[in-house]
Amino acid sequence: MSLDTIRLSQTARDQLIKLKRVTGIKNWNVLCRWSLALSLADLSPPLVREIVTDSNVEMSWRTFSGSHGDIYLALLKQRCMRDEDSLSDEGIARTLTIHLHRGIGYLAGGRNLVKIEDLMRLALLSRKS
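As the structure is a computational prediction, the values presented were derived from the model and not from experiment. (Residues numbered from 1 in each chain as written. Predicted model: local features only at pLDDT ≥ 70, side-chain atom pairs only at ≥ 80, totals over all residues. Heavy atoms only, no water.)

Participant: For the nonpolar core, give the residues involved together with the corresponding values.
Facilitator: One finds Leu 8, Cys 32, Trp 61, Phe 64 and Leu 96 to be the most contacted residues of the largest nonpolar core, which totals 27 residues. Secondary structure elements with two or more residues in this core: helix H1 (10-23), helix H2 (28-41), helix H3 (61-65), helix H4 (69-82) and helix H5 (89-109). The element that contributes the greatest number of residues to this core is H5, accounting for 7 residues. Leave out the neighbours within four places in its chain, and Cys 32 touches Leu 8, Leu 16, Met 59, Phe 64, Leu 100 and Ile 104. (Core = buried A, V, L, I, M, F, W, Y, C linked by side-chain atoms within 4.5 Å. Buried < 20%, exposed > 50% of the residue type's maximum accessible area, 1.4 Å probe, protein only. Helix = DSSP H or I, 4+ residues; strand = E, 2+ residues; numbered from the N terminus. Contact = heavy atoms within 4.5 Å.)

Participant: Any chance you could break down H4 for me, citing the residues and the numbers?
Facilitator: Between its terminal C-alpha atoms H4 stretches 20 Å, which fits the 20 Å expected from 14 residues at 1.5 Å a residue. Gly 69, Tyr 72, Leu 76, Arg 79 and Cys 80 are the residues of H4 that are buried. Projected down its long axis, H4 shows its buried positions confined to an angular sector of 105°, all on one face. Residues of H4 that are exposed and point over 90 degrees away from its buried face: Asp 70, Ile 71 and Met 81. Of the residues flanking the end of H4, it is Glu 84, one or two places downstream, whose phi is positive at about 55°. (Expected span 1.5 Å × (residues − 1). Arc of directions from axis to C-beta.)

Participant: Describe the packing of aromatic side chains, listing the residues and the values that go with them.
Facilitator: Going through the model one piece at a time under the given rule, you end up with 2 aromatic pairs. For the cation-ring pair, Lys 20 lies above Trp 28, with the distance from its terminal atom to the ring centre recorded as 4.3 Å. (Phe/Tyr/Trp six-rings, centres within 6.5 Å; stacked < 30°, edge-to-face > 60°. Lys NZ or Arg CZ within 6 Å of the ring centre and 35° of its normal.)

Interpretation in functional terms is not warranted from these geometric data alone.
In structure tokens form, the structure reads like this:
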């Protein structure tokens, strides 16, 4: 497991397809960024710690993070320390995977998420908590 290539589970792929349709956001990486931020904002540790990344969806770290790679990496390291996980490349990659999948699940499970404006509202609400 490494940060070089980010892979998703089949379930996450299916959820992202739904989210792309609902929000009109066309790129996986944009939805994945939203998902990661949403999960990291939840201070509780993710319940699922092992995820099988068995879909054909993958992206490079550069594609995922865009020009903000240093910021995402710092957020992941901070979360590793908070959750008492290793700051090794493997620990950071594991943290990314579990938070990315939890965030995708949060977005896909949101019954009130039916258009892109709802995504913005969700971001503002999670910022207040």
